[in-house]
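What follows is the residue order along each chain.
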Amino acid sequence: MTIQLLYFARLREVLGCESEQLAAPATPWDVAGLLAHLRSRGGVWADELAVGKVFRVAVNQELASQGAPIPPGAEVAIFPPVTGG
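Only a predicted model underlies this, so the values are computations on that prediction, with no experimental measurement involved.

Caption draft 1: Quick look at the nonpolar core. Counting residues in each nonpolar core, the largest one holds 21 residues, and the members touching the most others are Leu5, Leu34, Leu38, Ile70, Val76 and Ile78. A total of 4 residues in this core trace back to one element, the largest contributor, which is helix H2 (residues 31-39).

Caption draft 2: Focus on the pairing of strand S5 (residues 75-79). With 4 of 5 residues buried, S5 lies mostly within the body of the structure. Where strand S1 (residues 2-7) and S5 come together, 4 bridges link them in parallel fashion. Across the sheet, Tyr7 pairs through a bridge with Ile78, a residue of S5. By the bridge criterion, 4 bridges tie strand S3 (residues 56-59) to S5 in an arrangement that is antiparallel. Opposite Ala58, over in S5, you have Ala77 as the bridge partner.

Basis of the calculations
Residues numbered from 1 in each chain as written. Predicted model: local features only at pLDDT ≥ 70, side-chain atom pairs only at ≥ 80, totals over all residues. Heavy atoms only, no water. Core = buried A, V, L, I, M, F, W, Y, C linked by side-chain atoms within 4.5 Å. Buried < 20%, exposed > 50% of the residue type's maximum accessible area, 1.4 Å probe, protein only. Helix = DSSP H or I, 4+ residues; strand = E, 2+ residues; numbered from the N terminus. Pairing = 2+ DSSP bridges.

Written out as structure tokens, the structure is:
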């Protein structure tokens, strides 16, 4: 099983990709675990997804907290907050 990751707006540009697939780990991640995994790549990944940076995460198109589970086969979107007017 895999997890589909989608990156939007500024994150898409800075990270240099709009999407990727990751193999789902044997023990399912929660949002915090996934973000820690992505930060472990270092460089821009660690900078842009650092604790305290402002961005949102949605799991299967629903906003998710740090403790939200990520089931195998999930779609996870990571994006900066958006304002409209």
